[in-house]
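Fold and contact review
Spelled out, the chains give:
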Amino acid sequence: MPTTTTATRAARLLVLLAALGTLLFAGAPQAAAHASLTGSSPADGEVVATAPDTVVLTFSERVTLSGDKALRVLDPAGGRVDTGEITDLSADGTVRHGVALAGGLADGTYTVAWQAISADSHPIAGAFTFSVGAPSETSVRLSDQQPGGGTVGLLYDTARFPAYAGFVLLVGGVAFTLLCRPGAGAARAGGRLALAGWTALTGATLALVLLRGPYTGVGLRDAIDTKTGTALLSRLLLLAAAALFLAVLYGGGARERRGGRGLPGYVLPVAGTLLAVGLAATWALSEHASTGHWSQVAVPADVIHLLAAGAWLGGLATLLTLLFRFPEQVSRAVVRRFSLLAFWSVVALAVTGIFQAWRQVGDADALLSTRYGQLLIVKVALVVLILAAAWISRRWTARLAEGTGHPDAAAPADHEDRAPEPATVPSAPGDDSDEDPVRRAQLARQRAAVRQTRRRRDRDADAERSGLRRSVLAEAAIAALILAVTTALTGSTPARTEAAAATASTPEPISVQLPYDTGGPHGQGTALLDITPGGTGDNVLHLRLTDPEGLPNGAEEVRISLTLPAEDLGPLRYEPTHVDVGHWVSDDLRLPRPGDWELSLTLRTSEIDQTTETTTVTVG
């Protein structure tokens, strides 16, 4: 069997790391929605006396509601009672959407099901109920499958990784060629990586366009009409222009420049910069940077962040290819130019990354308690690791600069530029190898193997370049993991948004202490009431009675009633179940409306000893 070369092993290692990174983020639990429902009218679980004309939903940020399933109101039998006319009622920075209801709604429980696309491209969905007159049984059963989940969600999230990786290789390969100015063989290496990046980015973008409709749960046309759909189509147009740019840079244009003719020197760098900025903007204008506060600064910062990542990591991949395939062309001037490019790229990444982290995380609690924050910590750790590997590379670069075996000038063209040796070999007298094609092919393979072994021996004998090659390989491996974590970050709810949604959606438990005295023996003590979760809808009430010494106290009968005077609602009466000495539970306590409720607790400790204590509890 032929011996596997170090370059082949390195390439396989990078592919394996990229695949593992893809599985890492693609196999993780689906991220929560980036926008959230912060309120509704009627509220979840609310009981209204008369049917409303419109159901209104309030969101934490801008959303797009499109398609037949965007906002539905279903009666207890599952029939639709909305008109399908969705109205944008947003005003004064508050995002509201409403749907009109048909007239003549009967009493009973109604289900509101909604499905939207948040401003940062991710699908969200949910449902809640309200009742007219009084609650009733409902036969509505909604699917537990969230939009953006399942196989389609996995495919969509997986396609995001080659899109980012392709952008990095495309930008990095071109930047290395234009800014580091290596020889012909190294330019060919940059061109191959840039072409591979263009191919990966184009294929991934086409896949994202086709998956966009199923991913968001709407038709393809509706999905394309959104901000993200427009960005994906714009990216394809820019990639078509990039194909022409690559043809000029690495094709006929390159030959004309070698012949002393061609375009002015500034045309290709300017054109390449404009295309790179445009491609980066298709992410920045459609994902996290385009939403939330400081978006006017976040969008250009995100563009700079993406360009810096492409120049650094993509250039790193080009340098790695150069070290394996064209080591004689890794001159001290080439490495110095890339080191300067990498330094300023890291500076840009640090500045824009700190700004984006502050904007998306907010505080240390969100950093540690959210998936976004935890992924960000992993990314920072990997960046520190890659900087350590880069420091080792700089040490090898310094030793390379001190060497004398490779001048600053461009090295001679690589072996692939030389004329190939003839496939046939001179024959000895009487040798019939000229007439034996099998023998000729065998000799040609042997000569090729000898040449390859000699080149590998000469390459490995160069200690400086071998050390630099190993450290750059480690950098490239870590870079593949950074891309995987970055892709997972873009598919996760920003920590600040997740923390705010959790705070807004989680009511505070209600705890009340009421002293009581029924007037009879053992009739004095304190009643401790806990209502969880303490919001509208279903709750659980725990009542504990203690005597003046803090020990459990008993009662013959316990009753609770709740009244909402502001809306003339109630009293709602409950008789908790006795579960232990001094402990009663009611697991069906339903609070249909927010507001200040009057809670009355009636205790009877004997046939004639009874008292009723009253307090006010606030339901958010």
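Treat the numbers as computed from the prediction; the structure is a model and nothing was measured.

Concerning the overall build of the protein
Helix and strand content of the protein: 14 helices and 18 strands. Counting the 620 residues in the protein, one finds 46% classified as buried. A separation of at least 24 residues holds for 71% of the contacts in the protein among residues at least 6 apart in sequence. Counting only carbon and sulfur atoms, one obtains 59% of the accessible surface of the protein, whose full area is about 30200 Å².

Here's the deal with the pairing of strand β15 (residues 577–580)
Inspection of the sheet shows β15 paired to strand β16 (residues 583–591) by 3 bridges, in the antiparallel sense. The residue bridging Asp580 from the neighbouring strand is His583, located in β16. Remark: 2 residues form the turn of the hairpin made by β15 and β16, two consecutive strands paired antiparallel; Gly582 in that turn has positive phi of roughly 75°.

Quick look at the packing of helix α7 (residues 267–284) against helix α8 (residues 295–325)
Axis separation between α7 and α8 bottoms out at 9 Å; the angle between their running directions is 120°. Overall, the two elements α7 and α8 adopt an arrangement that is oblique. As for how α7 packs across α8, the hand of that crossing is right-handed. Contacts between α7 and α8 involve Ala276, Val277, Ala280, Ala281, Trp283 and Ala284 from the former and Val299, Asp302, Val303, Leu306 and Leu307 from the latter. Across the contact of α7 with α8, the residue classes tally to 10 nonpolar, no polar and 1 charged.

Here's the deal with the sheet that holds strand β14 (residues 569–574)
Strand order in this open sheet of 4 strands is β14-β13-β17-β18, and the pairing throughout is antiparallel. Bordering the open sheet on either side are β14 and β18 (610–619), each of which pairs with just one other strand. Geometrically, the sheet is characterised by an average inter-axis angle of 20° between neighbouring strands, direction not taken into account. Two strands pair when backbone bridges link them, and strand β13 (residues 557–564) and β14 are joined in this way by 4 bridges, in the antiparallel orientation. Across the sheet, residue Leu562 finds its bridge partner in β14, namely Leu572.

Thoughts on the sheet that holds strand β7 (residues 95–101)
Judged by pairing direction, the sheet is antiparallel, and its 4 strands sit side by side in the order β1-β3-β7-β6 without closing on themselves. Edge positions in the sheet fall to β1 (37–41) and β6 (82–88), since each of these pairs with one other strand and no more. Strand-to-strand, the axes of this sheet are offset by a mean angle of 20°, without reference to chain direction.

Observations regarding the packing of helix α2 (residues 150–180) against helix α9 (residues 332–361)
Running from N to C, α2 and α9 cross one another at 120°; their axes reach a closest spacing of 10 Å. Classified by the angle their axes make, α2 and α9 are oblique. Between α2 and α9 lies a crossing whose hand is right-handed. Of the residues in α9, those touching α2 at Ala175, Phe176, Leu179 and Cys180 are Val334, Arg337, Phe338 and Leu341.

Quick notes on a nonpolar patch on the surface
On the surface, a nonpolar cluster with roughly 520 Å² of combined accessible area is contributed by Leu340, Phe343, Trp344, Val347 and Val351. Of the residues examined, Val347 reaches a relative accessible area of 32% and is grouped as partly exposed.

Overview of the environment of Glu137
Looking at the element boundaries, Glu137 is found in the loop between β9 (123–132) and α2. A relative accessible area of 74% means that Glu137 is categorised as exposed. Spatially, the C-alpha atoms of Glu137 and Pro76 are 6.7 Å apart, while their sequence positions differ by 61 residues.

Quick look at the packing of aromatic side chains
Aromatic rings considered in pairs are described by the distance between their centres and by the relative angle of their planes. Scanning the entire structure with this criterion turns up 8 aromatic pairs. On the numbers, 5.3 Å between centres and 70° between planes, the contact of Phe167 with Trp283 is edge-to-face. Of this pair, Phe167 sits in helix α2 while Trp283 sits in helix α7, and the two are 116 residues apart along the sequence. Residue classification places Phe167 among the buried residues on the basis of a relative accessible area of 1%. A relative accessible area of 4% places Trp283 in the buried class. Their ring planes at 45° and their centres at 5.8 Å tell us that Phe176 and Phe338 sit as a pair that is tilted. Of this pair, Phe176 sits in helix α2 while Phe338 sits in helix α9, and the two are 162 residues apart along the sequence. Linked through ring pairs, Tyr164, Phe167 and Trp283 together constitute an aromatic cluster. In this structure, Arg235 is placed above the aromatic ring of Trp283, and the distance from its NZ or CZ to the ring centre is 3.8 Å.

Overview of the pattern of salt bridges
With the rule as written, the count across this model stands at 5 salt bridges. The closest approach of N and O atoms between Arg80 and Asp82, which form a salt bridge, is 2.8 Å. In this structure Arg80 comes out as partly exposed when scored by relative accessible area, which is 41%. Exposure remark for Asp82: the relative accessible area of 11% places this residue in the buried category. When the shortest N-O distance is used, the salt bridge between Arg559 and Glu557 registers 2.8 Å.

Quick word on the nonpolar core
Residues Phe176, Trp312, Leu319, Phe338 and Ile386 are the most contacted members of the largest nonpolar core, which totals 42 residues. Elements with a minimum of two residues in this core: α2, α8, α9, α11 (371–402) and α13 (463–490). Not counting the four nearest positions on each side in its chain, Phe338 is found in contact with Phe176, Cys180, Ala311, Trp312, Gly315, Leu316 and Leu319.

Some details on the side chain of Thr615
Take Thr615: it is sitting in strand β18. Not counting the four nearest positions on each side in its chain, Thr615 is found in contact with Val512, Leu514, Trp597, Glu598 and Leu599.

So, unusual backbone geometry
Here the residue pair Ser41 and Pro42 is connected by a cis peptide bond, since its omega of 0° sits within 30 degrees of zero. Summarising the element assignment, Pro42 is placed in the loop between β1 and β2 (47–48). Omega for the peptide link from Thr532 to Pro533 comes to 0°, which places this bond in the cis form. Its place among the elements puts Pro533 in the loop between β11 (524–532) and β12 (537–546). Even without glycine at this site, His522 takes up a positive phi of about 55°. Following the sequence through the fold, His522 ends up in the loop between β10 (510–517) and β11.

Looking at the environment of Ala301
Here Ala301 is to be found in helix α8. Classification of Ala301 as buried rests on a relative accessible area of 9%. Remark: the alpha-carbon pair of Ala301 and Gln356, spanning 55 residues in sequence, is separated by 8.0 Å. Dropping the residues within four chain positions of it, Ala301 is found in contact with Thr352, Phe355 and Gln356.

So, how was this worked out
Residues numbered from 1 in each chain as written. Predicted model: local features only at pLDDT ≥ 70, side-chain atom pairs only at ≥ 80, totals over all residues. Heavy atoms only, no water. Helix = DSSP H or I, 4+ residues; strand = E, 2+ residues; numbered from the N terminus. Buried < 20%, exposed > 50% of the residue type's maximum accessible area, 1.4 Å probe, protein only. Contact = heavy atoms within 4.5 Å. Areas by Shrake-Rupley, 256 points an atom, 1.4 Å probe, with all protein chains shown as cover. Pairing = 2+ DSSP bridges. Axes fitted to C-alpha atoms, helices over the stretch in contact; angles between N-to-C directions. Parallel < 35°, antiparallel > 145°, perpendicular 65-115°, else oblique. Left-handed = near helix turned anticlockwise from the far one by under 90°. Nonpolar A, V, L, I, M, F, W, Y, C, P; charged D, E, K, R; others polar. Patch = residues over 30% accessible without salt bridge, like charges linked within 9 Å, V, L, I, M, F, W, Y side chains within 5 Å. Salt bridge = Lys/Arg side-chain N within 4 Å of Asp/Glu carboxyl O. Phe/Tyr/Trp six-rings, centres within 6.5 Å; stacked < 30°, edge-to-face > 60°. Lys NZ or Arg CZ within 6 Å of the ring centre and 35° of its normal. Core = buried A, V, L, I, M, F, W, Y, C linked by side-chain atoms within 4.5 Å.

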